[in-house]
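In case you want the letters, here they are:
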Amino acid sequence: MADDASGALARAGELLANAKRAVAFTGAGISQKSGIQTYRGKGGLWNTTSPNTSSIDFFINDPGAYWEVAKGRGATLLAARPNPAHEALVELERAGKLKAVITQNVDGLHLLAGSSEVIELHGNGREVVCLDCGNREPRSHVQARLEEELPPRCLRCGGVPMKPAAVFFGEAMPEEATGRAFELAEECDLMLVVGSSLVVYPAAQVPLIAHEAGAPLVILNAEPTPFDDLATVILRGQAGEFLPELVRLSQAAREPDNS
Ligand code: NAD
Ligand code: ZN
């Protein structure tokens, strides 16, 4: 780790040491080490596949074409397991510093890691929902049927548009989750952004709300973001490397206060 990164980590560790209701706002970058491709940035999906394939119009127009593209991605998502970055956020919660995780990810990895309050702004792709009757099924069941039936049919009503329970481009964010996310952002005493390009709205409003309410903003991302100018500390690097170190430093930084 470079020296400037060590200084920034120490500063972020101090901020976290004094936090009691920090909130993490995460994006695809936190799951990159779990084998899930980000959309943007180096190695991102949009460098090779059109973003249109994740739009609701594309899906409604041709669910078969959607599932053809999503088949491989679904298998990767289902096989993915939490990495040290997800686990570090669980540790911060147990240490009484982190109140909740607000995520744009649909991979369900924060819940699998054991974080207790997880706001999924874009839904959860481990489930599939029938657009005709609302029936929900685990994605793993549908995934197993894709070899014989594409697009997959609803087992309850026979409807064809079985769609991952994730928010597609062109769909609204779930109201309750959005409301809770904005409330948490308003009330937090530190906003920790991890692995997000911060360009997808309205989700990207979450760190802005926290900043406007006076909370320090720590941004951990592999590449620059449009909010870097607003951040109290910028950590430029890998989530799986930096977050566990940040947890360690936040614990160490607390000791002088207690002596
Ligand atoms: P994004 O793809 O736009 O940005 C990811 C950011 O993470 C990039 O800026 C990249 O530089 C950074 N990054 C990559 N690897 C990293 C690492 N190991 N450590 C730290 N940073 C790293 O993702 P976004 O901001 O979450 O927004 C995109 C949208 O994509 C969201 O709406 C989300 O629903 C969806 N999405 C979800 C998943 C998932 O569930 N894991 C994956 C891809 C996209
Ligand atoms: Zn149905």
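Residues numbered from 1 in each chain as written. Chains lettered and ligands numbered in written order. Predicted model: local features only at pLDDT ≥ 70, side-chain atom pairs only at ≥ 80, totals over all residues. Heavy atoms only, no water.

Chemist: If you had to explain the side chain of His 122 to someone new, which residues and values would you point to?
Modeler: Among the secondary structure elements, His 122 is positioned in the loop between strand E3 (118-120) and strand E4 (123-130). In this structure the side chain of His 122 is engaged in a polar contact, spanning 3.1 Å, whose partner is the backbone oxygen of Gln 104. Contact partners of His 122, with chain neighbours within four places excluded, come to Thr 103, Gln 104, Val 106, Ala 165, Ala 166, Val 167, Met 173, Val 200 and Ala 203. (Helix = DSSP H or I, 4+ residues; strand = E, 2+ residues; numbered from the N terminus. Polar contact = N/O pair within 3.5 Å; in protein donor to acceptor, adjacent residues only side chain to side chain. Contact = heavy atoms within 4.5 Å.)

Chemist: Before we move on, can you summarise the sheet that holds strand E1 (residues 22-26) with the specific residues and values?
Modeler: Strand order in this open sheet of 6 strands is E3-E2-E1-E7-E8-E9, and the pairing throughout is parallel. The open sheet terminates on both sides in strands that have one partner only, identified here as E3 and strand E9 (233-236). For this sheet, the mean inter-axis angle between neighbouring strands, taken without regard to orientation, is 15°. Relative to E9, strand E8 (residues 217-221) runs parallel, the two sharing 4 bridges. Among the inter-strand pairings, Leu 220 is bridged to a residue of E9, identified as Leu 235. Contacts from helix H8 (residues 205-212) reach E1, strand E2 (98-103), strand E7 (190-194) and E8 within the one sheet, and its direction differs from that of E7 by about 155°. (Pairing = 2+ DSSP bridges. Axes fitted to C-alpha atoms, helices over the stretch in contact; angles between N-to-C directions.)

Chemist: Go over the sheet that holds E4 with me, naming the residues and quoting the values.
Modeler: In a beta sheet, neighbouring strands are held together by backbone hydrogen bonds and run either parallel or antiparallel to one another. Within the open sheet, the 3 strands sit side by side as E5-E4-E6. Their pairing is antiparallel. Pairing within the sheet leaves two strands with one partner each, and these edge strands are strand E5 (136-138) and strand E6 (162-166). Put simply, the sheet's adjacent strands are angled 40° from each other on average, direction ignored.

Chemist: Explain the environment of Phe 168 to me, using residue names and the numbers behind them.
Modeler: Here Phe 168 shows up in the loop between E6 and helix H7 (175-187). Given the relative accessible area of 6%, Phe 168 is considered buried. Separated by 115 residues in the primary sequence, Phe 168 and Thr 53 place their C-alpha atoms 9.2 Å from one another. Phe 168 has contacts with Ser 54, Ser 55, Ile 56, Phe 59, Tyr 66 and Lys 163, leaving out every residue within four places of it along the chain. (Buried < 20%, exposed > 50% of the residue type's maximum accessible area, 1.4 Å probe, protein only.)

Chemist: Describe the coordination of the zinc ion (ligand 2), naming the residues involved and giving the relevant values.
Modeler: For the zinc ion (ligand 2), the protein coordination sphere consists of Cys 130 (SG), Cys 133 (SG), Cys 154 (SG) and Cys 157 (SG), at 2.3 to 2.4 Å. Taken together, the 4 donor atoms coordinating the zinc ion (ligand 2) span angles of 104 to 112° at the metal, a pattern that classifies the geometry as tetrahedral. We note that the donor set of the zinc ion (ligand 2) lies within a single chain, spaced as C-x2-C-x20-C-x2-C. One end of the pair, Cys 130, is in strand E4; the other, Cys 157, is in the loop between helix H6 (139-145) and E6, with 27 residues separating them in the sequence. Accessibility expressed as a relative area gives 3% for Cys 130, which makes it buried. (Donors = N, O, S within 2.8 Å, 3.2 Å for Na, K, Ca; no water. Tetrahedral: all angles 85-135°; square planar, octahedral: opposite > 155°, others 65-115°.)

Chemist: Which residues make up the site of ligand 1, and what values go with them?
Modeler: By nearness alone, 25 residues border ligand 1, and Tyr 39, Arg 40, Gln 104, Asp 107 and Ser 197 come closest of all. Take Asp 107: an N or O atom from its side chain is 2.7 Å from a nitrogen atom of ligand 1. One of the side-chain N or O atoms of Ser 196 is found 2.8 Å from an oxygen atom in ligand 1. The fraction of the free accessible surface of ligand 1 (840 Å²) that becomes covered by protein chains is 94%. Looking at the shell around ligand 1, its residues break down into 7 nonpolar, 15 polar and 3 charged. (Near = heavy atom within 4 Å. Areas by Shrake-Rupley, 256 points an atom, 1.4 Å probe, with all protein chains shown as cover. Nonpolar A, V, L, I, M, F, W, Y, C, P; charged D, E, K, R; others polar.)

Chemist: Please set out the pairing of E7 residue by residue, giving values where relevant.
Modeler: Within E7, 5 of the 5 residues are buried, which leaves the element mostly enclosed by the surrounding structure. Alternating residues of E7 divide into Leu 190, Leu 192 and Val 194 and Met 191 and Val 193, and every residue in both groups is buried. With 5 bridges connecting them, E1 and E7 associate as parallel partners. Its bridge partner lying in E7, Phe 25 is registered against Val 193. In the classification by handedness, the crossover that spans E7, the intervening H8 and the parallel E8 is right-handed. (Right-handed = clockwise from strand over helix to strand, strands pointing away.)

Chemist: How would you summarise the pattern of salt bridges if you had to cite specific residues and measurements?
Modeler: Considering all chains together, one arrives at 10 salt bridges under this definition. Via salt bridges that share partners, Glu 117, Arg 180 and Glu 183 belong to a single interconnected network. (Salt bridge = Lys/Arg side-chain N within 4 Å of Asp/Glu carboxyl O.)

Chemist: I'd love a proper account of the nonpolar core, names of residues and values included.
Modeler: With 29 residues, the main nonpolar core has Leu 89, Leu 192, Val 218, Leu 235, Leu 243 and Leu 246 as its most contacted residues. Breaking this core down by element, the ones donating at least two residues are helix H1 (3-17), E1, helix H4 (84-94), E2, E7, E8, E9 and helix H9 (239-258). By size, the runner-up hydrophobic cluster in this structure holds 25 residues, among which are Ile 102, Leu 121, Leu 184 and Ala 203. (Core = buried A, V, L, I, M, F, W, Y, C linked by side-chain atoms within 4.5 Å.)

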